[in-house]
Amino acid sequence: MYKNYFITAFRNFLRNKSFSFIHILGLSIGISASLVIFLIVYHEYSFDRFEEKRENIYRVVMDIDIGNSSGKTSAVPAPLGEAVRREITGVEKTVPIFRFQGDASAHVSVVRSKNDEPAVFKKQQNIVFADADYFSMIKYKWLAGNPSMKEPFGVVLTEPRARKYFPGIEPSEMIGGEIVYNKDLRTTVVGVVADLNEKTVFNGEEFITIATISETGLQKNFMMTVWDDWMAYAQLYVRIADGKKTADIESQIKAMYKKYTKENKSDFITSIKFRLQPLSDIHFNASYPAIGARVADRRAMYGLLAVAGFLLLLGCINFINLATAQGAQRAKEIGIRKTMGSSRAQLVSQFLSETLVITLLATVFSLLLTPFLLSVFSGFIPEGVEMNFLKQPSLLVFMVLLSLAVSFLSGIYPALVLSGFNPVRVLKNQSFLSANGTRSSWVRKSLTVTQFVIAQFFIIATLLVSKQISYSINSDLGFRKDAIITIGLPHDTSNVRRDKLINDLRAISEVEMVSSGFMSPADGGVAFANVQYKGKEDLKANVQLRFGDTNYLKVYDLQLVAGRNPRNSDRFSEFLINETYAKLLGFEKPGDAINKELIFNGENLPIVGVMKDFHAQSMRSPVDPLVFAGGTGSTLHIRLNSAGPGLAQYKKAVARMGEAYKAVHPDRDFEFAFVDETVAGFYKQDRDLSRLLVWATGLMILISCLGLLGLVIYTTNRRTKEIGVRKILGASVIQIVSTLSGDFVKLVLLAFVIAAPVAAWAMHHWLGGFAFRTTMSWWVFAATACLILTFALLTLSIRVWKAALSNPARSLRAE
């Protein structure tokens, strides 16, 4: 019986090639999107699923109240780890992890032979300082050596890194090999472990023994005895005992911290709370960022799932509309089958079998399409996402369940409708459409309205997201960002070499001006200054800090509204403040702040000017209070001449700057950044969202129009006799087209009436995340209505014009 069902299904597939193609296209789009999004979600939620007692593993983080606001950090005071190991009960494993300062990379020299020059590897990442508890908590397979990790100046390598440093020899032969970090830290290989081959936040590839720190200058650099300060390079993980409550551990750490810092009080930091962050939360929580770790966004995951759900829903609706539109062609077949004894259940099974065949073909097409989609969206698909049924058996289960679910959801309504035809009326040549159409037409129309509501919602969202991104990037930020390059200097750069480089850069014809200072006005990081206003010491505020020489303001066209530029000095001696800080301090006029004093590091420093506000962060953030001091720093800010051949000038200037940099730092890589690209980087996630919305919207419009085409076919089949009569009575083609199209245009407009307020509410909520945002202009909604009407009318014209131009004699004779 089932064999006959599938034979009939294939015959109908071949008999209606065009409709079958539309069915497959609509469903395959939704299935492909679901498959890609499943791969992404599966990848993200597979992090850290391999550790023993992973539910007991936590990272120690801090919630800090600073002034009138609060901050969160995954950094901890460097001595905290050893103190927790000694004094806190209920902790089974204490795992402190340290990284090199700066960008956490290191210059690595590998001594492979005493007679050969060391092999040099620049800017190696994923180098950590760890101890034996690390390898006790994270189980590695040891290929050589042992996990004692007690002696200083030892290093353990993962197998990929070991084979990179010591190619062509076995792990056991690597033991005793010499590796030098940053030219002065000489270590010996004491172990080689197999790569984890797991998705995890523990991404170390080289593990230097923590005992090394106390034997070198790193003891001071890492602030190993400092309790009231911390940097991002120090983190702490713990594994607590079964049944132990996190609140108890947190309270013990808090009491211990107070014991060690009771004499160190900061007016800047008002409160510190230690939290235990679950291992399962680390990969998804951007509130506690860590060096070298990518954080996934749960909200983005939910958004992707919603997009997949909408595309699948539209594909199913499209199938339903087209299947019911084809019903007229199968009415007599159904009548004969019922007359010959087929039950309704048998007919439903047959129609569901046909739907399953279509769905399986759509699934096969989706599997072929998915690698292309993974390539197209590689820019924001996480590294490591792949489609491999052998490594991911759950993927096969997902595809089987998805195919069955789509088959049922798409096929059950058409199967029930078609199997419910009255055989007597059908075989008497009385149209089944007149018998069942009135009862179920509202369903088809509702489905079509639903399709266009979803499509128009996404059109409005896409336009507003793009409008906000354009507003953010092109708005006046309060400083010049075009044609400015920043170069970071090594921390060991002497004043003599820095001054030589500045002079060499100024001699380049494409360079207009050079300044030495701190970070650019808008930067990916933030830096706060512990300053207070004399006379209002109780006023707490997050005050950002910038400093630079006398050219800094000129390079960025930063404007003074009162006072003068601060003088250069080896230590801060006077400040500029921005307008926001001036208002916060209570000055009605900017000039009133001149010669008032701020307390900085116990000294009273005068305010010598007030600068115009500028955006130091993205448009999501308000303008913070800010102070600017005169001084030199490790970042050079280079303004290029505005006149010139554009891109060619930039390339030439960068090449010459690289030569000047290499003359001063021959063993360093020349790295630079354009300030406008740094600013644009603030909105990378938003641009990725916009790109995704464009693709999703295009696919939704396509599927919606296919669904509309199905409804048009259904209607023109039902009104064939009416069209013939109208033409005989003198109706023109335009009149017939208008009559047939009017109802569909009303459906599209009804969908717009529903979609517009829903989209407006949702986008108002999204825009609320920006302190400075664009407006929801009327033209966004007008453009949406015009765009969707254009696509709808083009779709309608495919069938309506054909029906209007048909010969009325043929249609009436058939009736």
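Located above this text is the structure these notes cover.
Small disclaimer: the values here were computed from a predicted structure and weren't measured. (Residues numbered from 1 in each chain as written. Predicted model: local features only at pLDDT ≥ 70, side-chain atom pairs only at ≥ 80, totals over all residues. Heavy atoms only, no water.)

A.B. asks: Which parts of the structure should I look at to understand empty space enclosed by the protein?
C.D. replies: Empty pockets left among the atoms are what a rolling probe the size of a water molecule brings to light. Taken as a whole and judged by the stated rule, the model has 9 cavities of 30 Å³ or more. Estimated volume of the second largest cavity: approximately 160 Å³. Around the second largest cavity sit 22 residues that line it, and Arg99, Val201, Gln235, Tyr237 and Ala293 are the ones nearest its centre. Of all elements in the fold, only strand 3 (91-99) and strand 12 (234-240) reach the threshold of two or more residues within the lining of the second largest cavity. Tallied by class, residues from the lining of the second largest cavity come to 14 nonpolar, 5 polar and 3 charged. (1 Å grid on protein atoms, 1.4 Å probe; cavity = no way out; pocket = protein on both sides within 12 Å on 5 of 7 lines; lining within 4 Å. Points joined across faces, edges and corners; volume = space filled by probe spheres on them. Helix = DSSP H or I, 4+ residues; strand = E, 2+ residues; numbered from the N terminus. Nonpolar A, V, L, I, M, F, W, Y, C, P; charged D, E, K, R; others polar.)

A.B. asks: Hey, could you run me through the packing of helix 3 (residues 80-87) against helix 8 (residues 246-261) in this one?
C.D. replies: When two helices pack together, their arrangement is given by the angle between their axes and by how far apart the axes lie. Taken N-terminus to C-terminus, the directions of helix 3 and helix 8 make an angle of 115 degrees; their axes are 11 Å apart at the nearest point. Note on packing geometry: the crossing formed by helix 3 with helix 8 is right-handed. Contacts between helix 3 and helix 8 involve Leu80, Ala83, Val84, Arg86 and Glu87 from the first element and Gln252, Ile253, Met256, Lys259 and Tyr260 from the second. Looking at the contact of helix 3 with helix 8 residue by residue, the classes come out as 6 nonpolar, 1 polar and 3 charged. (Axes fitted to C-alpha atoms, helices over the stretch in contact; angles between N-to-C directions. Left-handed = near helix turned anticlockwise from the far one by under 90°. Contact = heavy atoms within 4.5 Å.)

A.B. asks: Just checking my understanding: could you explain the environment of Thr795 for this structure?
C.D. replies: In this fold, Thr795 is placed in helix 24 (residues 778-804). Looking at Thr795, the relative accessible area reads 9%, which means it is buried. C-alpha separation for the pair Thr795 and Leu708, spaced 87 residues apart in sequence, amounts to 7.3 Å. The residues touching Thr795, leaving out its near neighbours within four places in the chain, are Cys705, Leu708 and Leu709. Only 2.8 Å separates the side chain of Thr795 from the backbone oxygen of Phe791, close enough to count as a polar contact. (Buried < 20%, exposed > 50% of the residue type's maximum accessible area, 1.4 Å probe, protein only. Polar contact = N/O pair within 3.5 Å; in protein donor to acceptor, adjacent residues only side chain to side chain.)

A.B. asks: Teacher, can you tell me more about unusual backbone geometry here?
C.D. replies: Glycine aside, residues mostly have negative phi, and peptide bonds are mostly found in the trans state. Here Asp48, not a glycine, exhibits a phi torsion of approximately 55 degrees, which is positive. Looking at the element boundaries, Asp48 is found in the loop between helix 2 (17-44) and strand 1 (57-66). Look at Asp48 and you get buried, because its relative accessible area is 4%. Here Asn595, not a glycine, exhibits a phi torsion of approximately 75 degrees, which is positive. Tracing the backbone through its elements, the reader meets Asn595 in the loop between helix 18 (579-584) and strand 20 (597-600). Taking the relative accessible area as the measure of exposure, Asn595 reaches 61% and is therefore exposed.

A.B. asks: Explain the pattern of salt bridges here, please?
C.D. replies: It is possible for side chains bearing opposite charge to pair when their charged atoms get close. Throughout the structure, instances matching the rule amount to 31 salt bridges. In this structure, Glu603 engages Arg571 in a salt bridge whose closest nitrogen and oxygen atoms are separated by 2.3 Å. Note that Glu603 is positioned in strand 21 (residues 603-611) and Arg571 in the loop between strand 18 (560-563) and strand 19 (575-578), a separation of 32 residues in sequence. On the accessibility criterion, Glu603 (33% relative accessible area) is partly exposed. When salt bridges that share partners are traced, they join Lys53, Glu92, Arg239 and Asp242 into one network. (Salt bridge = Lys/Arg side-chain N within 4 Å of Asp/Glu carboxyl O.)

Note that every value here comes from positions in space, so none of it alone points to a role or purpose.
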